[in-house]
Every structure is written in C-alpha cells, then in structure tokens.
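Residue-level structure breakdown
Each chain, written out:
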Amino acid sequence: PTNPPGNAAVPATGAGQHQPRPPAAPQGHGPTPQVLHDRASHSARETRQAVITLSAASLGFFFIALTSKVEPALTATQRRIVILALIGMALSTFAGLWSAWSDARWSYCWARELEGHPPGSLHWEARRKWWHGHKRWSEWASLLCFVVGVLAAAFYTFLRTGKP
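Given the structure is predicted, the values throughout are model-derived calculations rather than measurements.

Some words on the pattern of salt bridges
If you walk through the whole model with that rule in mind, you get six salt bridges. We note a salt bridge from arginine 48 to glutamate 139, for which the minimum N-O separation is 3.9 Å. Separated by 91 residues along the polypeptide, arginine 48 in helix H1 (residues 33–67) and glutamate 139 in helix H3 (residues 121–161) bring together distant segments of the chain. Between arginine 128 and glutamate 113 there is a salt bridge, and its shortest N-O distance comes to 2.6 Å. On the criterion of sequence distance, the pair formed by arginine 128 in helix H3 and glutamate 113 in helix H2 (residues 76–115) is long-range, its members being 15 residues apart. Grouping residues by exposure puts arginine 128 and glutamate 113 together as buried. Taken together, the shared-partner salt bridges in this structure form one network comprising Arg48, Asp103, Lys135 and Glu139.

The following block contains the structure:
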C-alpha cells in the first residue's frame, strides 16, 4: 500500500507491508501520545506472541525429559524441577492465550459501547472493564509463569551438567 504524502512508513507485521505513521508532535517535542500508545500496543502484542510460542514449544521438551529414559536417571529433585518448569510453561501458555482473548473481547465491548449498541452503553462499559481486568492480570500471569519456567529450566540444566 502507498503511504499518504508526508507520512513516514512504519513497518507492519507482514513482509513488504507498511502502515502510515501518525504525525509527530511539533519539532523538539518528541512523539505524540498516540504514537507512544501504538508502540506500546505493538510491543505488548509481540511480547505476548513470543511468550506463547516459547512456552508452548518448551512443553514438548519437558514432556520428553519426563517420559524418556535418560542416563543418568533423573533424581527426585531434578524431576520436581522439570515438573515445576512444565507447570510454569503450561500456565504461561494458558495465561497468554487468555490475555489475547481478553484483549479481543475488551476491544469488542468498547466498540459496542461507543456505537451505543443495545442494551446500552452502561452494559458495554461494565463488560469492557471486566475484560480489561482479565487482560491486565493474564498479561502479568503469563510473564510471571514464563519467568518461573525459564528459571526452573535453567536450574535443571545446571543440576544435570554440574559435577557432584
């Protein structure tokens, strides 16, 4: 697509696609608040996608570690740490998916509220706020569980490679 004259192009998600950049604030004042909101939204979406992808992919590794015969055999402590990492990554995947769903529902309810759709804006406002709360806690839960899973995996690796 062609960008309007005078607007710089901002790379979009797909290869070769660009979206127009909102106009910047007057010279020397930095970007507009909308530009910063757009950047924050894009970064949050990318982070959520990366966490979901990495946590879901790691589930296969932990499944193999728990179900395969490894030499030397896992100690009870190593097994517990792998299970902790597995649980952390599974919860991270779930919370990340819930965050994406909540984000979609939040936006939908907000649009319905602005449109004045029946049963009325108060109904849609209450639902929008409810979904926004879910979006907020699930974003944090996803990141926290991911960090727990990564730290447990690192500790497991240290225990497996460390000399007694």
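Notes on the nonpolar core
Of all hydrophobic cores here, the largest spans 13 residues; its most connected members are Phe62, Val82 and Tyr156. Residues within four places of tyrosine 156 in sequence aside, it is in contact with Phe61, Ala65, Leu74, Gln78, Ile81 and Val82.

Remarks on the confidence of the model for the chain
When pLDDT is averaged across the chain, the result is 84; 82% of the residues are at 70 or more. H3 holds the highest mean pLDDT among the elements of the chain, 94, whereas strand S1 (residues 9–11) holds the lowest, 46. In this model, residues 1–16 is a region of pLDDT below 50 whose contacts with residues beyond four sequence positions or in other chains number 22 contacts.

A closer look at the packing of H1 against H3
Packed helices, taken two at a time, are described by their axes: the angle between them and the distance between them. Packing of H1 against H3 brings their axes to within 11 Å, and their N-to-C directions diverge by 40 degrees. Between H1 and H3, the crossing angle belongs to the class labelled oblique. In this structure, the crossing between H1 and H3 has a hand that is left-handed. Contact residues: Thr47, Arg48, Val51, Leu54, Ser55, Phe61, Phe62 and Ala65 in H1; Glu139, Ser142, Leu143, Phe146, Ala153 and Tyr156 in H3.

Some remarks on the packing of aromatic side chains
For any pair of aromatic rings, the description rests on two quantities: the centre-to-centre distance and the angle between the ring planes. Applying the stated criterion to the full structure yields seven aromatic pairs. Plain terms: the ring middles of phenylalanine 94 and tryptophan 98 are 6.4 Å apart, the flat faces sit at 20 degrees to each other, and that makes the pair stacked. Here the residue phenylalanine 94 and the residue tryptophan 98 both occupy positions in helix H2, the gap between them amounting to four residues, near one helical turn. Note on tryptophan 98: relative accessible area 26%, which makes it partly exposed.

About the criteria used
- Residues numbered from 1 in each chain as written.
- Predicted model: local features only at pLDDT ≥ 70, side-chain atom pairs only at ≥ 80, totals over all residues.
- Heavy atoms only, no water.
- Salt bridge = Lys/Arg side-chain N within 4 Å of Asp/Glu carboxyl O.
- Helix = DSSP H or I, 4+ residues; strand = E, 2+ residues; numbered from the N terminus.
- Buried < 20%, exposed > 50% of the residue type's maximum accessible area, 1.4 Å probe, protein only.
- Core = buried A, V, L, I, M, F, W, Y, C linked by side-chain atoms within 4.5 Å.
- Contact = heavy atoms within 4.5 Å.
- pLDDT = per-residue confidence, 0-100.
- Axes fitted to C-alpha atoms, helices over the stretch in contact; angles between N-to-C directions.
- Parallel < 35°, antiparallel > 145°, perpendicular 65-115°, else oblique.
- Left-handed = near helix turned anticlockwise from the far one by under 90°.
- Phe/Tyr/Trp six-rings, centres within 6.5 Å; stacked < 30°, edge-to-face > 60°.

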